[in-house]
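As a plain string of letters, each chain reads:
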Amino acid sequence: TALGFEPPRRSDEMPRPPSTIKHHPASLHIELLASLLRISREKLLAKFLAKELTGVTTALASRLLAEMRLPADVATSALEHAHVVQLTQLLRDARFADPPADCLSPVGEYNLRLGIMKELKPDCVATFQDVPCTVDGHPTLVEVGVCLGGREAKQGITVYRFANRIPLLFEGGGDVATQVSKRRINWAAYKIRQNQDKIGVFVSLVSTKVPFKGTGKEYIGDDVPEVQRAVKHAIERCCMQLKAKIIKQRAVADDRERRKILTRYIPDVSRAFMSVLATMAEREDDGEVSTRGARPRDAEHEALLSQVRAKKLREAELSEKLRTHVEHCDATSALDQVTAVGVLQPRQQLYLSVLSSDSEFGQEVHHPHFTLRLHTSVMVEPPPHHPSTGTTV
């Protein structure tokens with residue numbers, strides 16, 4: 001029998017297939033426009049402009065012909081080379097609506113995130129897909145992923161570049177992704193240390209005409225303002241996501257360190273507190289303390305002194321109560337902080353249904369702040385276990 005191997009899929013979400021669109025007027029040059037006029041089935045220039053190009057209406061086509069001082073019924077075959085050059089320049093100077101981005105097939109934020117997690121295994125990752133922009137009449141889309149930490153990652157910024165989902169491996173120093181990420185991003189404003197943290201920047205540019213520099217097509221030029229703005233905006237949006245995660249992680253680390261410090265001094269505090277209570281109890285028993293003019297004590301304070309006199313309160317018990325109080329205060333403050341930032345808001349819509357009187361509930365899950373009861377309909381039975389083989393099916 002033949003041995004077959006089928007690797008597991010990393011993702012079941014495929015990039016959307018691209019669709020065919022018409023040429024945008026700003027993307028035409030002299031040779032391309034002449035070729036389109038030659039192979040077009042439209043005999044009149046006005047109909048050619050309205051039907052063969054995107055963003056050009058019949059009224060706009062008539063205005064273009066009037067600007068060129070040509071009759072409205074001029075034929076495409078009657079145009080001379082000078083007319084083609086004039087029309088090309090006019091189409092580049094005029095303002096048209098942006099071309100649709102249906103012709104682009106980006107990898108998508110979901111697949112980009114999965115790829116980063118698979119290859120680098122970072123501590124945290126953020127992705128963002130910018131809105132399409134137009135570069136010389138060509139629709140362009142920028143996707144960016146920024147990650148921190150990871151397996152075999154180097155300190156500083158490491159840039160990974162892609163053009164139409166194809167990796168760019170050479171001449172990365174002059175690429176727009178490298179220039180923007182290393183020179184135009186204020187990483188310190190997002191709680192990220194540029195030279196110390198392990199930062200991975202993934203920039204994927206999808207376009208019908210990638211603005212490569214040079215004949216080798218190894219890097220994207222840094223001289224296109226539209227691409228610069230799109231890459232910078234996408235990186236900054238990723239950094240904003242990472243900043244929120246970093247602030248939460250540091251807050252948790254600070255709370256953990258504070259609890260550790262408080263716990264470290266609990267034995268000394270308990271010892272000193274027991275010494276003070278014992279001294280107070282002895283002085284009151286000997287009649288050395290006058291209660292005239294003193295503020296009356298609460299019943300809880302009197303009960304505490306009574307326990308000290310009867311030697312029912314030990315130093316170990318007091319230490320345990322202080323430790324429990326510290327943990328309770330930390331849990332309460334953490335819950336208040338989470339509630340304040342709105343993390344407890346549901347990420348998806350929740351629906352409540354009326355339960356009948358014969359509803360059956362499973363085992364209760366107890367928490368210091370709530371008790372959770374699961375309905376038997378949502379509980380899954382564990383798979384059967386075979387004692388003979390020690391395996392679970």
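Residues numbered from 1 in each chain as written. Predicted model: local features only at pLDDT ≥ 70, side-chain atom pairs only at ≥ 80, totals over all residues. Heavy atoms only, no water.

## Describing the overall build of the protein chain
A count of helices and strands for the protein chain gives 10 helices and 10 strands. Taken across its 393 residues, the protein chain has 31% of its residues classed as buried. A fraction of 71% describes how many contacts in the protein chain between residues 6 or more apart in sequence connect residues 24 or more apart. (Helix = DSSP H or I, 4+ residues; strand = E, 2+ residues; numbered from the N terminus. Buried < 20%, exposed > 50% of the residue type's maximum accessible area, 1.4 Å probe, protein only. Contact = heavy atoms within 4.5 Å.)

## Some remarks on the pairing of strand β1 (residues 124-129)
Of all the 6 residues making up β1, 5 are buried; the element is thus mostly covered by neighbouring parts of the structure. Relative to strand β3 (residues 138-148), β1 runs antiparallel, the two sharing 6 bridges. What sits directly across from Gln129, in β3, is Glu143. (Pairing = 2+ DSSP bridges.)

## A word on the nonpolar core
The biggest cluster of nonpolar side chains holds 35 residues, and the ones touching the most others in it are Val142, Val144, Val146, Trp187, Ile192, Ile199 and Ile235. When residues of this core are traced back to their parent elements, those giving at least two are β1, β2 (133-135), β3, β4 (156-163), α6 (176-183), β6 (198-207) and α7 (225-264). Residue contributions to this core peak at 9 residues, all from α7. In this structure Ile192 touches Leu148, Trp187, Asp197, Ile199, Leu242 and Ile246, once residues within four positions along its chain are discounted. (Core = buried A, V, L, I, M, F, W, Y, C linked by side-chain atoms within 4.5 Å.)

## Quick look at the packing of helix α8 (residues 266-285) against helix α9 (residues 299-309)
Where α8 contacts α9, the two axes come as close as 9 Å, and the packing angle between them is 85°. The angle between α8 and α9 falls in the class roughly perpendicular. Note on element contacts: α9 touches α8 through Leu304, Leu305, Val308 and Arg309, opposite Phe273, Leu277, Ala278, Met280, Ala281, Glu284 and Asp285. Of the residues that constitute the contact of α8 with α9, the class distribution is 8 nonpolar, no polar and 3 charged. (Axes fitted to C-alpha atoms, helices over the stretch in contact; angles between N-to-C directions. Parallel < 35°, antiparallel > 145°, perpendicular 65-115°, else oblique. Nonpolar A, V, L, I, M, F, W, Y, C, P; charged D, E, K, R; others polar.)

## Concerning the side chain of Ser207
Looking at where Ser207 falls in the secondary structure, it is placed in strand β6. A distance of 3.1 Å separates a polar atom in the side chain of Ser207 from the backbone oxygen of Pro139. Of the polar contacts made by the side chain of Ser207, one reaches the backbone nitrogen of Lys209; its length is 3.2 Å. In this structure, Ser207 is in contact with Leu104, His138, Pro139, Thr140 and Asn164, ignoring residues within four places of it in sequence. (Polar contact = N/O pair within 3.5 Å; in protein donor to acceptor, adjacent residues only side chain to side chain.)

## Looking at the pattern of salt bridges
Enumeration over the complete set of coordinates arrives at 8 salt bridges. For the salt bridge of Lys213 with Asp223, the shortest nitrogen-to-oxygen distance reads 3.1 Å. Residue Lys213 is found in the loop between β6 and α7, and its partner Asp223 is found in the loop between β6 and α7; the two are separated by 10 residues along the sequence. (Salt bridge = Lys/Arg side-chain N within 4 Å of Asp/Glu carboxyl O.)

## Re the packing of helix α2 (residues 45-52) against helix α3 (residues 58-67)
Relative orientation and spacing of two packed helices are given, respectively, by the angle between their axes and the distance between those axes. In the contact formed by α2 and α3, the axes pass within 9 Å of each other and the chain directions differ by 135°. Here α2 is positioned oblique relative to α3, judged by the angle of their axes. For the pair α2 and α3, the sense of crossing is right-handed. Listed contacts from α3 to Leu45, Ala46, Leu49 and Ala50 of α2 are Thr58, Ala61, Leu64 and Leu65. Of the residues assigned to the contact of α2 with α3, the class counts are 7 nonpolar, 1 polar and no charged. (Left-handed = near helix turned anticlockwise from the far one by under 90°.)

## Section: the packing of aromatic side chains
When we look at a pair of aromatic rings, we describe it by the centre distance and by the angle of the planes. Applying the stated criterion to the full structure yields 1 aromatic pair. On the basis of an interplanar angle of 10° and a centroid distance of 4.4 Å, the ring pair of Tyr160 and Phe202 is categorised as stacked. A residue pair is termed long-range when its members are at least 10 positions apart, and Tyr160 in strand β4 and Phe202 in strand β6 qualify at 42 residues. A relative accessible area of 30% means that Tyr160 is categorised as partly exposed. (Phe/Tyr/Trp six-rings, centres within 6.5 Å; stacked < 30°, edge-to-face > 60°.)

## Comments concerning the state of the cysteines
By the definition in use, this model includes 0 disulfides. Considering cysteine sulfurs only, Cys239 is the nearest to Cys238, which forms no disulfide, with 6.9 Å between them. The exposure class assigned to Cys238 is buried, which follows from its relative accessible area of 0%. (Disulfide = S-S within 2.5 Å.)

## Brief notes about a nonpolar patch on the surface
Taken together, the side chains of Val365, Phe370, Leu372 and Leu374 define a hydrophobic patch exposed on the protein surface, amounting to about 330 Å² of accessible area. Looking at where Val365 falls in the secondary structure, it is placed in strand β7 (residues 361-366). (Patch = residues over 30% accessible without salt bridge, like charges linked within 9 Å, V, L, I, M, F, W, Y side chains within 5 Å. Areas by Shrake-Rupley, 256 points an atom, 1.4 Å probe, with all protein chains shown as cover.)

## Here's the deal with unusual backbone geometry
Positive phi, close to 55°, is recorded for Asp136, a residue that is not glycine. Among the structural elements, Asp136 can be located in the loop between β2 and β3. For Asp136, a relative accessible area of 55% gives the class exposed. Unlike most non-glycine residues, Arg165 shows phi in positive territory, near 65°. Locating Arg165 in the fold gives a position in the loop between β4 and β5 (166-168).

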